[in-house]
Amino acid sequence: MKLARWCVRYAPATNTDGADGLWIDITGAAHLQGGETALLADLRARLAKRGFTARLGLADTPGAAWALARFSPRGASSTAAAGREALCAALDPLPVEGLRLEADAVMLLKRLGLKRIGQLRALPRATLQRRFPSRDAARAVLTRLDQALGHVREPLTPLEPLPCYSARLAFSEPLISHEGVEAALKRLASDLCASLARGLAGARAIAFTAWRSDGGTAMLRAGFAAPCRDPAHMQRLLGEKIATVDAGAGIDLMILAVTGVERLSAEQASFAANAATRPLERLIDRLSNRLTPGRIARPAPQESHVPERAACYRPAIHFARSTAFLNRKTPERPSLLLEPPEPIDVVAEVPEGPPLRFTWRRAHHRILRWEGPERIAGEWWRLIGNAAPGPLERTRDYYRIEDEAGARFWVFRAGLYQRPEDEGAPRWYLHGVLG
Amino acid sequence: MESVSRIHTAGGAEARSGLVERLRRRIRAIEQAPVSLAAPPLVDAATAPGPACPPALPAPRDDGKRWTFGAQEIDRSLPEGALDPGGLHEIRPAGYPDSWAAIAMALALLARRRLTTSGTGVILWGFTEHAAHEFGAPYGPGILCLGIDPADMIMARAERGADLAWALEEGLKSRALCAALGIGCALPPGIVKRLALAARTYRTPCLLVPDHRAGRLGPALTRWRVAAARSADPPFDAGAPGLPAWDVTLERCRHGAGGQNRVLEWDHETHRFRLAAPLADRTADDGGAEPGRLATAG
């Protein structure tokens, strides 16, 4: 897995293949390394440096590359030239195991005398199909053959989603100093923003990956509350984390890729550029990227009459300002809500009355003023199929009370005295302090 | 000889305090006049219908309106009759049970502050994990009840006090906020100084509600000590708790008179502090002339 991620240095689409293999889709990426042969040589050398002995195969289709890597007689590194005929020529001498078949299918083919892919390919499909015990087994073999030959497309799922925009920077001499990394980051950010500007796009999330020459990789991510193509801002967000990158023996390749993209038209960008507009989004970006997005939140209302579910927090980096609060006037609520409500010892009038005195956090309070009850029923749809609902799912009677010192509390009684047999005795809780 | 000199110095002090008071009154009069420095005088003369019109358009940021309590008795003890938005203000609970009162009063002050930005400013509310556990987590409907739209708040839930301080400082420096609020934190003096500097440089107020046991914050422009106070009868329900009431002491006020002690009520409908009824009656005789030393200055 780690190795597959490391291989992104060659091309963005890579993933592991079984326990002992991995693939790289180098479509359109080989020229960056000076051609396919140079790429394979480079890959072999780097893997050898990390202590891997590898067999490499390169072909037009994933199936053929798989077969070449594992069964090629021509040594540890083999390439099939482009084109249908070259592909067939490369595959024909390989054993049928090269088709990624089940063990019993291989056994059957061998018993039939079909040892090479070429022999299998020469047979008419209909006759081949008849030799198999079941239609599915036959179809599996034929599909594999078609995939290897490129008659059937074989989609591969890469480890990381493919970025639409990215910028890369390779160094002949590995970078060691932090200043160097920061300078490189600056260049990458401005390259990336230039290509974003050409596509009228802005980044919502970026990932910065650095490859160390000793084989490790380091990855930093950053998110944005508003689409961004401001290199200084990107650099600032990543720059705070860059101290955590262990340069080790030096960094020889860096890629800055956009992992989340959104439209951002040119007008907006120029508007944003002339003043320090969007300072709030920038602030949210900076806070969220350092303190993790979940910690920087905007309150939002929720559809529920149960107080603790009536409001929630949503990460400010993903959600815009909610507008629905103002038309939801409620009776007085505490500005801070205890989560969960804390049980209190209460002396109260039975069956229905306000607390006369209570004990909370080892302090005693005598009540002088009170208002209530405000009855809030539990949400019945949560009780369906719930054999033993918790005490907080019961009907609550809320009271606003004030003690001798003027401290005001918001307390409730969960449950009713009228129905003790099916719910047990009511309990009192303190849900918040009204300032 | 001795007695003469004493009389002399006492007289001098009295004359000086009278002079200061006169000057203050003049400054106040100048500041309350509807002259806006932001608008060029030519345009003003041409379009203004009369001298007594209040500033119609809210000026950008702080310049148009001032951050007052809306209660003259307390505004009078502040320098220039208003809180200075460019600085740190400490709102200290008198004891542990008063922590919620202090937080609520800080929110009420923020609601007043938002009036100066025509009710649209964004507030960064930073709190630590520990504070959320101890006092509860900010609750939207309750914030709305104090007169601030919670949608305009950004909550920063920091793991440690250092993260909280960093978030507040970033917020102050961003110029995106109308105010920053930090609660339940015990910050080292160096960091408090940084916050005060950022608040002054970027003209964004920072309100801190420290732990009641924490040390005094040196660089604060004002320090308020807040305790819960019994509320008055609401008009239609005699036994019920009334408007939130706090026993507020201005412990320290840079360039102003400290030591004032008042019981204030917060009316979230009108976004206005007012003196609680029994005290409001009494202010007629002890107001103005003697900036009282009722509470021990700390």
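Because the structure is predicted, anything quoted here is derived from the model rather than measured.

Definitions and cut-offs
- Residues numbered from 1 in each chain as written.
- Chains lettered and ligands numbered in written order.
- Predicted model: local features only at pLDDT ≥ 70, side-chain atom pairs only at ≥ 80, totals over all residues.
- Heavy atoms only, no water.
- Helix = DSSP H or I, 4+ residues; strand = E, 2+ residues; numbered from the N terminus.
- Rg over C-alpha atoms; globule rule 2.2 N^0.38 Å.
- Buried < 20%, exposed > 50% of the residue type's maximum accessible area, 1.4 Å probe, protein only.
- Contact = heavy atoms within 4.5 Å.
- Areas by Shrake-Rupley, 256 points an atom, 1.4 Å probe, with all protein chains shown as cover.
- Buried area = accessible area lost by both parts, 1.4 Å probe.
- Salt bridge = Lys/Arg side-chain N within 4 Å of Asp/Glu carboxyl O.
- Polar contact = N/O pair within 3.5 Å; in protein donor to acceptor, adjacent residues only side chain to side chain.
- Nonpolar A, V, L, I, M, F, W, Y, C, P; charged D, E, K, R; others polar.
- Pairing = 2+ DSSP bridges.
- 1 Å grid on protein atoms, 1.4 Å probe; cavity = no way out; pocket = protein on both sides within 12 Å on 5 of 7 lines; lining within 4 Å.
- Points joined across faces, edges and corners; volume = space filled by probe spheres on them.
- pLDDT = per-residue confidence, 0-100.
- Core = buried A, V, L, I, M, F, W, Y, C linked by side-chain atoms within 4.5 Å.
- Axes fitted to C-alpha atoms, helices over the stretch in contact; angles between N-to-C directions.
- Parallel < 35°, antiparallel > 145°, perpendicular 65-115°, else oblique.
- Left-handed = near helix turned anticlockwise from the far one by under 90°.
- Expected span 1.5 Å × (residues − 1).

Draft legend 1. View of the overall build of chain A. Each helix and strand in chain A was counted, giving 14 helices and 17 strands. For 435 residues, the compact-globule estimate of 2.2 N^0.38 gives 22 Å, and chain A exceeds it by more than 25% at 33 Å. Dimensions of chain A, computed from the C-alpha atoms along their principal axes, are close to 95 × 65 × 40 Å. Residue burial in chain A is summarised as follows: out of 435 residues, 46% are buried. Counting contacts in chain A only where the partners sit at least 6 residues apart, residues at least 24 apart contribute 58% of the total. With an accessible surface of roughly 21800 Å², chain A has 54% of that area assigned to carbon and sulfur atoms.

Draft legend 2. Seen up close, the overall build of chain B. A tally of regular secondary structure across chain B gives 9 helices and 10 strands. Burial status across chain B gives 51% buried among its 298 residues. Residue pairs in contact within chain B that sit at least 24 positions apart in sequence constitute 72% of those at least 6 positions apart. Carbon and sulfur atoms make up 58% of the accessible area of chain B, which amounts to about 14200 Å² in all.

Draft legend 3. Layout of the interface of chain A and chain B. Contact residues are listed per partner, giving 50 residues for chain A and 59 residues for chain B. Carbon and sulfur atoms make up 60% of the area that chain A and chain B hide from each other, which totals about 4500 Å². Its largest share of buried area at the contact with chain B, chain A owes to Arg295(A), Leu336(A) and Arg369(A), together 16% of the area lost on that side. The interface formed by chain A and chain B includes 7 salt bridges. Between Arg361(A) and Glu134(B) there is a salt bridge, with the nearest N and O atoms lying 3.4 Å from each other. Linking chain A with chain B are 21 residue pairs in polar contact (both at pLDDT 80 or more). Considering each element in turn, the side of chain A that touches chain B owes the most residues, 8 residues, to helix H12 (residues 279–291) of chain A. Partitioned by chemical class, the residues of the side of chain A that touches chain B number 27 nonpolar, 5 polar and 18 charged. Strand direction decides the pairing type here: strand S9 (residues 296–301) of chain A and strand S4 (residues 153–158) of chain B, joined by 2 bridges, are antiparallel.

Draft legend 4. Looking closely at the sheet that holds strand S17 (residues 427–434) of chain A. Spatially, S12(A)-S13(A)-S14(A)-S15(A)-S16(A)-S17(A)-S11(A)-S3(B) is the arrangement adopted by the 8 strands of the open sheet, whose pairing is antiparallel. Looking at the sheet topology across the chains shown, the edges are occupied by strand S12 (345–348) of chain A together with strand S3 (137–138) of chain B. Sheet analysis places strand S14 (residues 363–376) of chain A next to strand S15 (residues 396–403) of chain A, joined by 7 bridges and oriented antiparallel. Following the sheet pairing, Ile376(A) is matched in S15(A) by Arg396(A).

Draft legend 5. Region of the structure containing the pattern of salt bridges. Residues and elements named next belong to chain B. One pass over the structure, following the stated rule, counts 44 salt bridges over all chains. For Arg-225, the salt bridge identified is with Glu-251, shortest N-O distance 2.9 Å. You can see Arg-225 sitting in strand S7 (residues 222–228) and its partner Glu-251 sitting in strand S8 (residues 245–253), a full 26 residues away along the chain. A residue is classified by how much of its surface remains accessible, and Glu-251, at 5% relative accessible area, is buried. Three or more residues are tied together by salt bridges with common partners; here these are Glu-90, Arg-92, Arg-223, Arg-225 and Glu-251.

Draft legend 6. Focus on the layout of surface pockets. All names here are of chain A. When its volume is computed, the second largest pocket comes out at roughly 1400 Å³. In terms of lining, the second largest pocket is formed by 50 residues, of which the most central are Leu-22, Trp-23, Ile-24, Gly-57 and Ala-65. Among the elements of the structure, strand S1 (13–17), strand S2 (21–25), helix H2 (36–49), strand S3 (56–58) and helix H3 (62–71) are those that each provide at least two residues to the lining of the second largest pocket. Here the lining of the second largest pocket is built from residues that sort into 31 nonpolar, 9 polar and 10 charged.

Draft legend 7. A look at the confidence of the model for chain B. Residue and element names in this part refer to chain B. The share of residues in chain B with pLDDT of 70 or more is 76%, and the mean pLDDT across the chain is 78. Averaged pLDDT values for the elements of chain B fall to 37 in helix H2 (residues 41–47) and rise to 95 in strand S2 (residues 123–128). Scored below 50 in pLDDT, residues 34–64 makes 15 contacts in the model with residues more than four places away or belonging to other chains. Counting contacts from residues 279–298, a segment whose pLDDT is below 50, to residues more than four positions away or on other chains yields 24 contacts. Interface confidence for the predicted complex, expressed as ipTM, amounts to 0.74; the pTM equals 0.74.

Draft legend 8. Structural view of the nonpolar core. Residues and elements named next belong to chain B. Among the nonpolar cores identified, the biggest contains 61 residues, and Phe-69, Trp-125, Trp-224 and Trp-246 are the most heavily contacted of them. In terms of residue count, the dominant contributor to this core is helix H4 (residues 99–116) (12 residues). The next biggest cluster of nonpolar side chains, apart from the first, holds 35 residues, and it includes Ala-180, Leu-195, Leu-217 and Ala-220.

Draft legend 9. View of the sheet that holds strand S5 (residues 179–185) of chain B. The mixed open sheet is built from 11 strands, whose spatial order is S10(A)-S9(A)-S4(B)-S2(B)-S5(B)-S6(B)-S1(B)-S7(B)-S8(B)-S9(B)-S10(B). One side of each edge strand has no neighbouring strand; the edge strands of this open sheet are strand S10 (311–315) of chain A together with strand S10 (272–275) of chain B. With strand direction ignored, the average angle separating the axes of adjacent strands in the sheet is 30°. Sheet topology places S9(A) next to S10(A); 5 bridges connect them, and they run antiparallel. What sits directly across from Ala300(A), in S10(A), is Cys312(A). Of the strands in this sheet, strand S1 (88–93) and strand S6 (206–210) of chain B are in contact with helix H8 (residues 189–202) of chain B, which crosses S1(B) at around 130°.

Draft legend 10. Representation of the packing of H12(A) against helix H7 (residues 161–173) of chain B. Where H12(A) contacts H7(B), the two axes come as close as 10 Å, and the packing angle between them is 165°. Taken together, the axes of H12(A) and H7(B) lie roughly antiparallel to each other. Every pair of crossing elements has a handedness; the one defined by H12(A) and H7(B) is right-handed. Within the contact between the two elements, H12(A) uses Leu283(A), Arg286(A), Leu287(A), Arg290(A) and Leu291(A) and H7(B) uses Asp163(B), Trp166(B), Ala167(B), Glu170(B) and Gly171(B). Looking at the contact of H12(A) with H7(B), its residues break down into 5 nonpolar, 1 polar and 4 charged.

Draft legend 11. Structural view of the environment of Leu336(A). In this structure, Leu336(A) sits in strand S11 (residues 336–343). When its relative accessible area of 1% is taken as the criterion, Leu336(A) is described as buried. Separated by 99 residues in the primary sequence, Leu336(A) and Gly435(A) place their C-alpha atoms 8.7 Å from one another. Apart from residues lying up to four places away in sequence, Leu336(A) is in contact with His431(A), Gly432(A), Val433(A), Trp100(B), Ile103(B), Trp125(B), Phe135(B), Gly136(B), Ala137(B), Pro138(B) and Tyr139(B).

Draft legend 12. Representation of helix H9 (residues 178–198) of chain A within the structure. All names here are of chain A. With 21 residues, H9 ought to run about 30 Å at 1.5 Å a step, and its terminal C-alpha atoms sit 30 Å apart, in line with that. If you check which residues of H9 are buried, you get Gly-180, Val-181, Ala-184, Leu-185, Leu-188, Ala-189, Leu-192, Cys-193, Ser-195 and Leu-196. Those residues of H9 that are buried are in contact with strand S5 (166–175), strand S6 (201–212), strand S7 (217–228), helix H10 (231–241) and strand S8 (251–263). Leu-200 lies just past H9 and shows a positive phi near 50°.

Draft legend 13. Quick look at the environment of Ala29(A). All names here are of chain A. Structurally, Ala-29 is set in the loop between S2 and H2. On a C-alpha basis, the gap between Ala-29 and Val-141 in space is 31 Å, while along the polypeptide they are 112 residues apart. With near-sequence residues (within four places) excluded, Ala-29 lies in contact with Tyr-10 and Ala-11.

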